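Architecture at a glance
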Amino acid sequence: LTDRLQKAMEKLRRKPKVTEADLRETMREIRLALLEADVNFKVVKDFVKTVREKAAGAEVLKGLNPAQQIVKIVNDELTKLMGEEAVPLNKAPHIPTVIMMVGLQGAGKTTTAGKLALRLKNENNARPMFIAADVYRPAAITQLQQVADQIDVPVFEKGIDVDPVEIVREGMEVAKQNHNDYVIIDTAGRLQIDEQLMDELANIKELVKPNEILLVIDSMTGQNAVNTAQGFDNKLDITGVVLTKLDGDTRGGAAMSIRAVTGKPIKFVGEGEKMEDLDVFHPDRMASRILGMGDMMTLIEKAQKNFDEEQAQETMDKMRENTFDYNDFLAQMDQVTKMGPLENIIKMMPGMANNPALKNLNLDPKQFAHIKAIVLSMTPEERENPDVMNPSRRRRLAAGSGRPIVEVNRMIKQFNQMRKMMKQVTNGNFNGMQNMFGG
Ligand code: GDP
Ligand code: MG
């Protein structure tokens, strides 16, 4: 979303004290940022009002760390605006669960149908079937067929000369015979909402009473996305939204308006053209991303997959007690390398996502190996007591690791900075981390 919003939050976060004027300025920035991002004006108005009230109510002006309080309020309200919790797909009491994909032409219905089917197969061991009910473009059926082939899912189709309602009727019979547990209906779209299309979709709905009517919306269409959502919802009473092309969306306005305007949850987001590029929509994660606080939850999840929990807890304790030493450093390096490319990890940290200092960040894994070599050249005593590093010890480390003395000095300096930073972070001061990366 918005550089502007992130900058406003960044500016605020740096402030030790927040004055009445700062608060007014921040509210103004938030308002502009949201409007620029194509968030519906009424949504913006309500949002800013709520944040201002909460900020006043929380007595942020007198608070201990007012800037962070406001950031938190904005974050919480954004989360609320987008629906608070992830909403799962509806499920029918008896198979098959019927999912009807609707939306404008090019929004991503067919692609998303494929992504969903793959997800259901992988996570629920499901046996989905597609029904090809887009009979207006001859290529539509071929495209669905291609998608289906990639993920090995059957397609029911009757060409383009049969009434879509009839196709769906027959398709449902076939699905029941074959005991498919999910039926995904790919419908036609238009460039704009029109009566004829809506009537046809309403007739299909009437016939199959889908458990889920998913409106697929291109997130890059900005303010139009909201109008589209409203139009479809009025006619079809949709059950959820899939926002596609979020990989190309820099403003995120659609994500913020749709829930507020329609009251319907965003259930999934599309983040690429591949079949794997579909994610559950988490309002809290989206809010953090919008505010530039990084995608902490994703980072934490990623870390949890690879981290030994006990060891992580131990590290946290050590950071707090300020007894973090070179042994911990080594252990941590090993864990971090398991998590994947370092630059990706750093960018997920709070305040890092949009840090200009990281624009061209490219961390060399070789450098990592060098640091490790230096630490491994230390005696056990040195590893446990980072403060004993005098010049003669440093020379010995250089010789032992085969690295130049300047590199040894740099590593030790960085390690000491890191310890300092950790102390600050565990004391709730995130600026330390920023300084370390030159922010
Ligand atoms: P439909 O007309 O609604 O069925 O839309 P399609 O499924 O045919 O998608 C239209 C185009 O958008 C295709 O080129 C898709 O590859 C592309 N597309 C769909 N979803 C996404 C997404 O999440 N990210 C990106 N980058 N492209 C997408
Ligand atoms: Mg299509």
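Residues numbered from 1 in each chain as written. Chains lettered and ligands numbered in written order. Predicted model: local features only at pLDDT ≥ 70, side-chain atom pairs only at ≥ 80, totals over all residues.

A few points about the overall build of the protein chain
Here is the rule we go by: Strands are runs of DSSP state E lasting at least 2 residues, helices are runs of H or I lasting at least 4, and numbering of each runs from the N terminus. Exposed residues have 12 or fewer other C-beta atoms within 10 Å of their own C-beta, buried residues have 20 or more, and residues in between are partly exposed; the C-beta atoms are placed from the backbone. By the convention adopted here, residues are in contact when the distance between their C-beta atoms, placed from the backbone, does not exceed 7 Å.
In terms of regular secondary structure, the protein chain is built from 20 helices and 8 strands. For the protein chain, buried positions account for 36% of its 439 residues. Of all intrachain contacts in the protein chain linking residues separated by at least 6 positions in sequence, the fraction that spans at least 24 positions is 73%.

Considering the packing of helix α5 (residues 109–124) against helix α6 (residues 138–151)
Spelled out, the test is: Here an angle of 0 to 180 degrees is reported between the N-to-C directions of two axes, which are lines fitted to C-alpha atoms, with helices fitted over the stretch in contact. Any angle between 65 and 115 degrees counts as roughly perpendicular, while under 35 counts as roughly parallel, over 145 as roughly antiparallel, and the rest as oblique. Helix crossings fall into two classes, left-handed where the near helix is turned counterclockwise from the far one by less than a right angle and right-handed where it is turned clockwise. Nonpolar residues are Ala, Val, Leu, Ile, Met, Phe, Trp, Tyr, Cys and Pro. Charged residues are Asp, Glu, Lys and Arg, and all others, Gly as well, are polar.
Contact geometry of α5 with α6 gives a least axis separation of 10 Å together with a crossing angle of 25°. Put simply, α5 runs roughly parallel to α6. The way α5 lies across α6 gives a crossing that is right-handed. Across from T110, T111, G114, A117, L118 and K121 in α5, the residues of α6 making contact are A140, Q143, L144, V147, A148, Q150 and I151. When its residues are assigned to classes, the contact of α5 with α6 shows 7 nonpolar, 5 polar and 1 charged.

Comments concerning the UniProt feature "domain: SRP54-type proteins GTP-binding" (unreviewed entry) in the protein chain
Which entries qualify depends on this criterion: UniProt positions are given in the numbering used here, feature names are shortened, and annotations may be inferred rather than shown by experiment.
As annotated by UniProt and renumbered to match this structure, "domain: SRP54-type proteins GTP-binding" (unreviewed entry) occupies residues 265–278. Secondary structure across residues 265–278 comprises 0% helix and 43% strand; the distance between its end C-alpha atoms is 16 Å.

Overview of helix α11 (residues 283–290)
Most of α11 sits inside the fold, with 7 of its 8 residues counted as buried. Residues of α11 that are buried: P283, R285, M286, A287, S288, R289 and I290.

Let's talk about the site of ligand 1
Quick note on the threshold: Nearness rests on one distance test: the residue's C-beta atom, set from the backbone, must lie within 6 Å of the molecule or strand.
Around ligand 1, the surrounding shell holds 19 residues, and the nearest of these are G108, K109, T110, T111 and G270. For the shell around ligand 1, the element with the highest residue contribution is α5, accounting for 3 residues. Grouping the constituent residues of the shell around ligand 1 by class yields 2 nonpolar, 11 polar and 6 charged.

Details of the sheet that holds strand β2 (residues 128–133)
The condition that has to hold: Strand pairing follows a simple DSSP-based rule, namely that at least 2 bridges must link the two strands.
One open sheet accounts for 8 strands, arranged β3-β2-β4-β1-β5-β6-β7-β8; its pairing is mixed. Edge positions in the sheet fall to β3 (155–156) and β8 (278–280), since each of these pairs with one other strand and no more. Its contacts with the sheet place α5 against β1 (97–102), β2, β4 (182–187), β5 (212–218), β6 (240–244), β7 (266–270) and β8, and it is angled at close to 170° to β4. Its contacts with the sheet put helix α7 (residues 164–177) on β2, β3 and β4, and the angle it makes with β2 is roughly 165°.

So, the environment of E25
Within the secondary structure layout, E25 lies in helix α2 (residues 20–36). Take E25: there are 15 C-beta atoms within 10 Å of it, and that puts it in the partly exposed class. C-alpha of E25 to C-alpha of A8: the two residues are 17 residues apart in sequence and 8.7 Å apart in space.

Describing the pairing of β5
Note the following rule: For a crossover, the right-handed case is the one in which the path from the first strand over the helix to the second runs clockwise, viewed with the strands pointing away from the viewer.
Counting buried positions along β5 gives 7 out of 7 residues, so the element sits mostly inside the fold. Burial along β5 is two-sided: E212, L214, V216 and D218 and I213, L215 and I217, pointing in opposite directions, are all buried. Two strands pair when backbone bridges link them, and β5 and β6 are joined in this way by 5 bridges, in the parallel orientation. Its bridge partner being in β6, L214 is matched across the sheet by G240. With respect to chirality, the unit in which β5 leads through helix α9 (residues 223–236) into the neighbouring parallel β6 is right-handed.

Some remarks on the environment of E381
Looking at the secondary structure, you find E381 in helix α17 (residues 380–384). C-alpha of E381 to C-alpha of Y326: the two residues are 55 residues apart in sequence and 9.9 Å apart in space.

What to know about the nonpolar core
Applied cut-off: Nonpolar cores are identified as sets of buried Ala, Val, Leu, Ile, Met, Phe, Trp, Tyr and Cys residues joined via C-beta atoms within 7 Å.
Core analysis: the biggest nonpolar cluster contains 84 residues, and F130, I184 and I185 have the highest contact counts within it. When sequence neighbours within four positions are dropped, the list of residues in contact with F130 reads A113, L144, A148, V153, V155, F156, I184 and D186. Y326, I374, M378 and M411 belong to the second-largest nonpolar core, a separate cluster that totals 9 residues.

Notes on the confidence of the model for the protein chain
For clarity, the cut-off: A score between 0 and 100, pLDDT records how confident the predictor is in each residue.
Overall, the prediction assigns the protein chain a mean pLDDT of 82, with 77% of residues at 70 or greater. Counting interchain partners and residues more than four positions distant, the pLDDT-below-50 stretch residues 428–439 has 25 contacts. Taken together, the chains of this predicted complex give a pTM of 0.69 and an interface ipTM of 0.99.

With respect to the pairing of β7
The element β7 is largely enclosed, with a buried count of 5 among its 5 residues. Relative to β7, β6 is paired through 3 bridges, and the arrangement is parallel. Within β7, the position partnered with V241 by the bridge is I266. Note: β7 against β8, 3 bridges, orientation antiparallel.

Things to note about α2
Applicable threshold: One fewer than the residue count of a helix, multiplied by 1.5 Å, yields its expected span. The reported arc concerns the directions from the helix axis to the C-beta atoms and nothing else.
Over its 17 residues, α2 runs 24 Å from end to end, which matches the ideal 24 Å to within 8%, given 1.5 Å per residue. Residues of α2 that are buried: T26, I30, A33 and L34. What you see down the axis of α2 is that its buried residues fit within an arc of 95°, all on one side. Of the residues in α2, the exposed ones pointing more than 90 degrees away from the buried face are E20, A21, R24 and R28. Just beyond α2, the residue with positive phi is D38, at close to 70°.

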